[in-house]
Amino acid sequence: DVKVTQSSRYLVKRTGEKVFLECVQDMDHENMFWYRQDPGLGLRLIYFSYDVKMKEKGDIPEGYSVSREKKERFSLILESASTNQTSMYLCASSPIGYRANSYEQYFGPGTRLTVT
Amino acid sequence: AQSVTQLGSHVSVSEGALVLLRCNYSSSVPPYLFWYVQYPNQGLQLLLKYTTGATLVKGINGFEAEFKKSETSFHLTKPSAHMSDAAEYFCAVSDHYTDKLIFGTGTRLQVFP
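Residues numbered from 1 in each chain as written. Chains lettered and ligands numbered in written order. Predicted model: local features only at pLDDT ≥ 70, side-chain atom pairs only at ≥ 80, totals over all residues. Heavy atoms only, no water.

Trainee: Before we move on, can you summarise the overall build of chain B with the specific residues and values?
Mentor: Secondary structure summary: chain B contains zero helices and twelve strands in total. What you see in chain B, going N to C, is helices and strands ordered as β-β-β-β-β-β-β-β-β-β-β-β. On C-alpha atoms alone, chain B measures out to a radius of gyration of 13 Å, which is about the 13 Å that the 2.2 N^0.38 rule sets for 113 residues. By principal-axis analysis of the C-alpha atoms, chain B measures approximately 45 × 30 × 20 Å. Residue pairs in contact within chain B that sit at least 24 positions apart in sequence constitute 56% of those at least 6 positions apart. (Helix = DSSP H or I, 4+ residues; strand = E, 2+ residues; numbered from the N terminus. Rg over C-alpha atoms; globule rule 2.2 N^0.38 Å. Contact = heavy atoms within 4.5 Å.)

Below, the structure is given as structure tokens:
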């Protein structure tokens, strides 16, 4: 079974703090994703990585950065947390679609971040 | 560009009743389509997916969905709702060029006894 783990289930941080959210997958997937989920807005893509050290901005990258130094690990960084970044953060991974003939993404359990 | 529309942000049914969650998509290429379920305070779990071939797809927990190209739809159904089906459901379409999934805004299913 594919396993995607996230470093924390719940996190409370103060405004202005630097926040690191870690994601690890154990299936040797090339692709990794960070989403945020807010009521009524569904899942919005923050950043996408298709290889080590490679990244691509998603729909809402402002205020976030990412790091992928190893294939299995993808980190989301909030340089200076703000209250409007209070949200559920979901990490996912997938193989290269056309090679696997599948675009299925595998999700971690999520991190509920509160910024006060 | 691909997009997904889920009609109805909230759906309520009685236990034992039919569940119907609607999803319409737009795609410039033959789509791969997905339904995911999210239980409270958890990540997303794949319910079922359509890639190619048979247009009626069966998934876990008794759910199924039918790909209708002419209607650009991929509605999710279950003949008899169970209390444990209460969750949020997301429809998604693949972007073949980038490996991304485009998600709908979700439908929250409530099941009443």
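Trainee: Describe the overall build of chain A, naming the residues involved and giving the relevant values.
Mentor: Across its full length, chain A carries one helix and eleven strands. Counted from the first residue to the last, chain A has its helices and strands arranged as β-β-β-β-β-β-β-β-β-α-β-β. Here chain A holds 116 residues, and the buried ones make up 52% of them. Taking the intrachain contacts of chain A between residues at least 6 apart in sequence as the baseline, contacts between residues at least 24 apart amount to 57%. (Buried < 20%, exposed > 50% of the residue type's maximum accessible area, 1.4 Å probe, protein only.)

Trainee: I'd love a proper account of the nonpolar core, names of residues and values included.
Mentor: Core analysis: the largest hydrophobic core is formed by 27 residues, its most contacted members being W35, L47, L48, F74, L76 and Y89 of chain B. Going through the elements one at a time, β2 (10-14), β3 (19-21), β5 (33-38), β6 (44-50), β8 (64-68), β9 (73-78), β10 (87-95) and β12 (107-112) of chain B are the ones with two or more residues in this core. If sequence neighbours within four positions are ignored, L48 of chain B has contacts with L33, F34, W35, V57, K58, G59, F63, E64, A65, F74 and L76 of chain B. Grouped together as the second largest cluster of nonpolar side chains are 20 residues, W34, L76, A81 and L113 of chain A included. (Core = buried A, V, L, I, M, F, W, Y, C linked by side-chain atoms within 4.5 Å.)

Trainee: Explain the interface of chain A and chain B to me, and be specific about the residues and the numbers.
Mentor: Between chain A and chain B, the residue contacts involve 28 residues of the former and 23 residues of the latter. For the chain A and chain B pair, buried surface summed over both sides reaches about 1900 Å², with 51% attributable to carbon and sulfur atoms. For chain A, the biggest contributors to the area lost against chain B are Y103, E104 and F107 of chain A; these three give 32% of the whole. Joining chain A to chain B, the criterion identifies two salt bridges. Here K49 of chain B makes a salt bridge to E104 of chain A, at a shortest N to O gap of 3.1 Å. Linking chain A with chain B are seven residue pairs in polar contact (both at pLDDT 80 or more), by the criterion used here. Listed by contribution, the elements that provide at least two residues to the side of chain A that touches chain B are β4 (31-38), β5 (42-51), β6 (54-57) and β9 (87-94) of chain A. When its residues are assigned to classes, the side of chain A that touches chain B shows 14 nonpolar, nine polar and five charged. (Buried area = accessible area lost by both parts, 1.4 Å probe. Salt bridge = Lys/Arg side-chain N within 4 Å of Asp/Glu carboxyl O. Polar contact = N/O pair within 3.5 Å; in protein donor to acceptor, adjacent residues only side chain to side chain. Nonpolar A, V, L, I, M, F, W, Y, C, P; charged D, E, K, R; others polar.)

Trainee: Would you mind going over the layout of surface pockets in detail, with residue names and values included?
Mentor: Its boundaries defined by the atoms lining it, the largest pocket holds a volume of some 440 Å³. Along the wall of the largest pocket there are 23 residues; nearest its centre are Q37 and P39 of chain A together with Q38, E88 and R108 of chain B. Taken together, the elements giving at least two residues each to the lining of the largest pocket come down to β4 and β9 of chain A together with β10 of chain B. Examining the composition of the lining of the largest pocket, we find that three residues originate from one element, β10 of chain B, more than from any other. (1 Å grid on protein atoms, 1.4 Å probe; cavity = no way out; pocket = protein on both sides within 12 Å on 5 of 7 lines; lining within 4 Å. Points joined across faces, edges and corners; volume = space filled by probe spheres on them.)

Trainee: Please give an account of unusual backbone geometry that cites residues and values.
Mentor: Despite not being glycine, D28 of chain A shows a phi value in the positive range, around 60°. Judged by its relative accessible area of 52%, D28 of chain A falls in the exposed class. Positive phi outside glycine occurs at D99 of chain B, with the angle close to 70°. Relative to the helices and strands, D99 of chain B resides in the loop between β10 and β11 (100-103). Exposure remark for D99 of chain B: the relative accessible area of 9% places this residue in the buried category.

Trainee: Please set out the sheet that holds strand β3 (residues 19-25) of chain A residue by residue, giving values where relevant.
Mentor: Residue and element names in this part refer to chain A. The strand order across the open sheet formed by four strands is β1-β3-β8-β7, and the pairing between neighbours is antiparallel. At either end of the open sheet lies a strand with only one pairing partner, and these are β1 (4-6) and β7 (64-70). Within the sheet, the average angular offset between the axes of one strand and its neighbour, ignoring direction, is 20°. (Pairing = 2+ DSSP bridges. Axes fitted to C-alpha atoms, helices over the stretch in contact; angles between N-to-C directions.)

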